[in-house]
Amino acid sequence: MDVCRKIVMLAIVALLWCCNGKDTLLDLYPMEPVVNPEVGVLIDNNRIIHVDFDGRQQISGVTEAGIFMTTDRFRSLDFEPHAWQVSDDVVTFGDGIIVHAQAAGVSFVLQYSTDDGKTWATFGGSIIDERFLAVGSVLPVQLSVAQDGAIWVLCQQGAGRRTLLYRVDLEQQRSALVMEKGEALALDFSFADSLHGWVLYGLPGEGAGRARLLRTENGGRTWNDGAVLEGVEQPAVAAITKDDLLVYYPDGVVFRSADGGTSFASVVVGGRIVACQAVSSGLVYALLENGLAKSTDAGATWTVLDAFVHGISVSGTALDFHGEHAGVVYSADRLFTTNNGGQSWEVLVYPYDYVFK
Amino acid sequence: MSWCKTMLAGWVALTLSVSHLSAQEALEKFPVFLDAEVGASRFASSAMHSVFPVGANLTAGPVFAFGDQWRLRARPQVGITFFSNRIDEWVTEQLLIVKLGGQVSYDAFYLGQVTFFPYVAADFNWVANFDAEEVGEGDDTNVTYSDSYLKGTGFSQEVGVRVQAREWYIKLGYEFFNPRLKVRQNIIDDDLTSGYLTPPNHRFNFNSFNITVGAMLSL
């Protein structure tokens with residue numbers, strides 16, 4: 001019997017040590033990827049250029065290598081390869097339209113696409129008046145698509161010789177000069193609606209650090225001088241309402257006007273503003289270098305949102321909100337969305353390692 | 001922890017009450033034996049036995065008899081089941097299950113010298129999954145154990161048949177065991193950093209086929 005016992009013990013020990021398995025028990029533990037690995041097609045040797053969010057389920061956009069669309073928050077996505085044909089030109093994205101200005105000789109041509117950049121049409125008429133071109137080249141500085149579909153084109157002639165603002169009607173193939181400012185350096189512009197808008201410019205003699213404001217209340221027919229802002233460089237303007245606007249700078253300084261730009265007061269937003277969007281007359285979102293801030297009183301006071309998801313800080317270079325609650329924040333390699341005004345977030349695209357495999 | 005205490009107290013109470021009853025029965029000559037058995041376990045699911053092809057089990061407990069001709073047997077029991085998976089030359093993954101429970105068998109019939117006991121068993125189990133790493137060489141080899149990657153508790157049930165000839169027996173059984181195991185928090189955190197969502201716990205299929213050889217020893 002003693003022999004039997006030893007044989008049994010030896011057999012068990014041999015079984016234990018000879019039959020090694022594969023992997024580990026932990027490999028059987030379930031885990032779900034935070035983002036669909038298929039979104040790698042958008043950022044692997046590619047980059048997101050623009051995202052359109054319909055405010056519900058549909059997210060579409062343009063990447064350098066093609067266009068994409070999802071109706072289920074990237075649980076599945078359609079990707080159509082198509083090379084982005086716009087290089088370093090001035091470009092803007094509107095509702096169903098992309099417009100870009102391409103330098104051509106002493107001026108530029110305006111091209112637009114209504115199929116996410118697959119095909120482009122060229123604005124047929126001449127935008128810049130001959131009298132300006134006769135004295136020097138005019139380059140586009142910034143474009144914007146108005147609510148009625150018209151295109152605002154901010155231009156600069158020479159280094160401080162003249163700032164011009166044109167309104168281009170693509171449908172009618174007409175353009176009209178709405179602002180001319182001599183001895184000015186174009187910085188930025190923004191319209192709250194079809195009538196109320198502002199242009200930021202500098203004077204060449206004053207150098208950087210001082211910005212001046214022009215204001216129109218009638219769609220550009222007449223312009224009035226606004227405030228002069230000191231100690232600022234590379235300012236941007238964001239229109240909120242016909243009376244409220246923000247002027248912000250890369251160093252984090254933010255000024256707010258509640259009287260249409262006549263006077264400004266400094267406000268604390270909570271970080272450097274990367275992009276800004278007024279969703280309604282009171283509600284404004286500001287995408288910060290690190291996070292997001294929200295104002296419910298037209299920019300007078302701000303709350304920095306606790307914008308984290310799965311340990312990642314919500315960050316990006318652009319934002320697109322529809323209404324108070326639904327919006328996206330994105331950059332070249334990431335995309336976040338919220339359905340509750342930024343209280344919680346979902347990460348839809350992110351450069352995790354497995355996305356690149 | 002309260003679970004563990006409750007289980008332990010229940011098991012002690014069961015053992016005492018069974019031993020008390022058996023003591024009365026023992027007056028009618030049936031002795032108390034000690035069952036000691038050792039055997040092998042193989043998980044039923046292919047996923048599990050691809051990790052741990054086979055394990056060893058060891059169980060012991062006193063046997064008390066009741067009923068007509070003492071054909072009903074009750075056995076409070078303790079046991080361990082141990083699975084091992086060599087990951088590399090130095091590291092071995094281990095799965096340890098400690099059991100506390102009881103088994104009831106019935107002397108159903110016999111053929112010659114061989115008696116057949118169908119049995120059912122129920123145990124409370126403590127499960128831990130960890131690594132053992134050998135450090136050093138030769139006589140200086142030491143084994144260090146990692147913290148548990150997975151751990152948890154759960155009830156198991158086993159059904160089978162015990163075939164006994166004199167004091168020796170063989171048991172063949174199937175164990176139903178689906179414990180919910182918790183994963184270590186830092187694993188959840190590391191997975192999240194890598195872009196994976198890991199649930200804090202998960203129910204595993206530890207159902208297994210067991211074969212054991214044992215002896216019924218006189219006390």
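Once a new chain begins, its residue numbering starts again from 1 and follows that chain's sequence as written. The naming scheme follows written order: chains are lettered A onward, ligands numbered 1 onward. Only residues with pLDDT of at least 70 are given local features in this predicted model, and only at 80 or more are side-chain atom pairs given and counted; all residues enter the totals for whole chains, interfaces and linings. Only hydrogens and water are set aside; all other atoms, that is, all heavy atoms of the structure, feed into the side-chain values.

Visitor: Just checking my understanding: could you explain the environment of P179(B) for this structure?
Guide: Residue and element names in this part refer to chain B. The residue P179 is located in the loop between β9 (168-177) and β10 (180-183) in this model. Given a relative accessible area of 1%, P179 falls into the buried group. If we ignore the near neighbours within four places in the chain, the residues touching P179 are V127, T153, H202, R203, F204 and F206. Counting from the N terminus, the helices are DSSP H or I runs at least four residues long and the strands are E runs at least two residues long. Partly exposed residues are those whose accessible area sits between 20% and 50% of the maximum for their type, while under 20% is buried and over 50% is exposed, using a 1.4 Å probe and protein chains only. We call two residues in contact when some of their heavy atoms are within 4.5 Å.

Visitor: Where do I start with the packing of aromatic side chains in this structure?
Guide: Remark: the centre distance and the inter-plane angle together describe each pair of aromatic rings, the angle taken between the planes. Note on aromatic pairs: the rings of Phe, Tyr and Trp (six-membered ring only in Trp) are paired at centre separations within 6.5 Å, and the planes decide the class, stacked below 30 degrees, edge-to-face beyond 60, tilted for the rest. According to the stated counting rule, one finds 24 aromatic pairs over all chains in the structure shown. A ring pair is formed by F191(A) and W223(A), whose centres lie 6.5 Å apart and whose planes are at 90 degrees; its orientation type is edge-to-face. Of this pair, F191(A) sits in strand β14 (residues 185-191) while W223(A) sits in the loop between β16 (209-216) and β17 (224-232), and the two are 32 residues apart along the sequence. Taking relative accessible area as the criterion, F191(A) reaches 16% and is therefore assigned buried. Arranged with centres 5.2 Å apart and planes meeting at 40 degrees, the rings of F43(B) and F206(B) form a pair that is tilted. Of this pair, F43(B) sits in strand β1 (residues 33-43) while F206(B) sits in the loop between β12 (201-203) and β13 (208-218); the two residues are 163 residues apart in sequence, bridging distant segments of the chain. The buried category is assigned to F206(B), whose relative accessible area is 1%. The structure contains a cluster of three or more aromatic residues connected by ring pairs, namely Y29(A), F43(B), F52(B), F83(B), F177(B), F204(B) and F206(B). A ring has a charge above it when a Lys NZ or an Arg CZ is no more than 6 Å from the ring centre and no more than 35 degrees off the ring normal. Its guanidinium or amino end placed over the ring of F177(B), K99(B) lies 5.5 Å from that ring's centre, counting from NZ or CZ.

Visitor: Would you explain the sheet that holds strand β11 (residues 151-157) of chain A in this entry?
Guide: Adjacent strands of a sheet form backbone hydrogen bonds with each other and so pair up, either parallel or antiparallel. Residues and elements named next belong to chain A. Only strands joined by at least two bridges in the DSSP assignment are considered to pair. Spatially, the four strands line up as an open sheet ordered β10-β11-β12-β13, and their pairing is antiparallel. In this open sheet, the two edge strands, each paired with only one partner strand, are β10 (138-145) and β13 (174-182). Adjacent strand axes in the sheet meet at a mean angle of 20 degrees when their direction is disregarded. Alignment of strand β12 (residues 162-169) against β13, held across eight bridges, turns out to be antiparallel. Note that in β13 the partner of L164 across the bridge is E180. Orientation is described by axes fitted as lines to C-alpha atoms, over the contacting stretch for helices, and by angles from 0 to 180 degrees between their N-to-C directions.

Visitor: Any chance you could explain the pattern of salt bridges here in plain terms?
Guide: It is possible for side chains bearing opposite charge to pair when their charged atoms get close. Put simply, a salt bridge is a Lys or Arg side-chain nitrogen that is within 4 Å of an Asp or Glu carboxyl oxygen. For the structure shown, the criterion picks out 21 salt bridges over all chains. For R167(A), the salt bridge identified is with D148(A), shortest N-O distance 2.3 Å. Residue R167(A) is found in strand β12, and its partner D148(A) is found in the loop between β10 and β11; the two are separated by 19 residues along the sequence. On the basis of relative accessibility, which here comes to 25%, the residue R167(A) falls in the partly exposed class. We classify D148(A) as partly exposed; its relative accessible area is 49%. Between E289(A) and R272(A) there is a salt bridge, and its shortest N-O distance comes to 4.0 Å. Of the two residues, E289(A) sits in the loop between β23 (284-288) and β24 (291-295) while R272(A) sits in the loop between β21 (265-267) and β22 (273-278), which places them 17 residues apart along the sequence. We classify E289(A) as partly exposed; its relative accessible area is 45%. Among the ionic contacts, a cluster of salt bridges with common partners joins D35(B), E37(B), R75(B), R162(B) and K171(B).

Visitor: What exactly am I supposed to notice about the nonpolar core here?
Guide: Among soluble globular proteins, nonpolar side chains are generally buried collectively. Residue and element names in this part refer to chain A. The criterion is simple. A nonpolar core is a set of buried Ala, Val, Leu, Ile, Met, Phe, Trp, Tyr and Cys residues joined through side-chain atoms within 4.5 Å. Counting residues in hydrophobic clusters, the biggest one holds 39 residues, and the most contacted among them are V35, I59, F74, L292, L335, W345 and V349. When contributions to this core are tallied by element, the ones reaching two or more residues are α2 (40-43), β2 (48-53), β23, β28 (318-322), β29 (326-331), β30 (334-338) and β31 (346-349). The leading source of residues in this core is β29, at four residues. Those residues in contact with I59, other than ones at most four positions away along the chain, are V51, D52, F53, F68, M69, T70, F74, V328, L335 and L348. Core analysis: the next-biggest nonpolar cluster, separate from the first, contains 21 residues, L133, L143, I151 and V153 among them.

Visitor: Please explain the confidence of the model for chain A as it appears in this structure.
Guide: It should be kept in mind that the predicted coordinates are not to be read in detail where pLDDT is low. Within a predicted model, pLDDT stands for the predictor's per-residue confidence, ranging from 0 to 100. Residue-level pLDDT values for chain A average 90, and 94% of them are 70 or greater. Mean pLDDT across the elements of chain A bottoms out in helix α1 (residues 2-18) of chain A (58) and peaks in α2(A) (97).

Visitor: Would you mind showing me how to read the pairing of β30(A) here?
Guide: In the case of a regular strand, side chains alternate between the two sheet surfaces. All names here are of chain A. Most of β30 is tucked away: five of the five residues are buried. Neither face of β30 is exposed, since R334, F336 and T338 on one face and L335 and T337 on the opposite face are all buried. Joining the antiparallel neighbours β29 and β30 is a turn of two residues. Alignment of β30 against β31, held across three bridges, turns out to be antiparallel. Bridge pairing in β31 links L335 to V349.

Visitor: I would appreciate a short explanation of the sheet that holds strand β8 (residues 107-113) of chain A in the present structure.
Guide: All names here are of chain A. Overall, antiparallel pairing links the four strands, which are arranged β6-β7-β8-β9 in an open sheet. With one partner strand each, in any of the chains shown, β6 (90-94) and β9 (121-122) form the two edges of the open sheet. Across seven bridges, strand β7 (residues 97-104) lies against β8 in antiparallel orientation. Looking across to β8, one finds that A103 is bridged to F108.

Visitor: Help me out: how do you make sense of the side chain of R162(B) in this one?
Guide: Residues and elements named next belong to chain B. Examined against the element boundaries, R162 turns out to sit in strand β8 (residues 150-165). Here a polar contact means two N or O atoms within 3.5 Å. Within protein one must be a hydrogen donor candidate and the other an acceptor candidate, and residues neighboring in sequence count only if both atoms are side-chain atoms. Only 3.0 Å separates the side chain of R162 from the side chain of Q164, close enough to count as a polar contact. Beyond its immediate sequence surroundings of up to four residues, R162 is in contact with D35, R75, Q103, T115, F116, F117, Y119, Y169, I170, K171 and M216.

Visitor: I keep staring at the interface of chain B and chain A and nothing clicks. Help me out?
Guide: By a widespread convention, an interface's size corresponds to the accessible area lost as its parts come together. Contact residues are listed per partner, giving 41 residues for chain B and 26 residues for chain A. A quick way to say it: buried area is the sum, across both parts, of accessible area lost when two parts are put together, with a 1.4 Å probe. Buried area between chain B and chain A, both sides added, is near 2900 Å², and the carbon and sulfur share of it is 73%. Taken as a group, W168(B), Y196(B) and L197(B) account for 20% of the area that chain B buries against chain A, more than any other trio of residues on that side. Our count for the chain B to chain A interface comes out at zero salt bridges. One can count 12 residue pairs in polar contact (both at pLDDT 80 or more) joining chain B with chain A. With two bridges joining them, strand β1 (residues 32-33) of chain A and strand β11 (residues 196-197) of chain B adopt antiparallel strand pairing.

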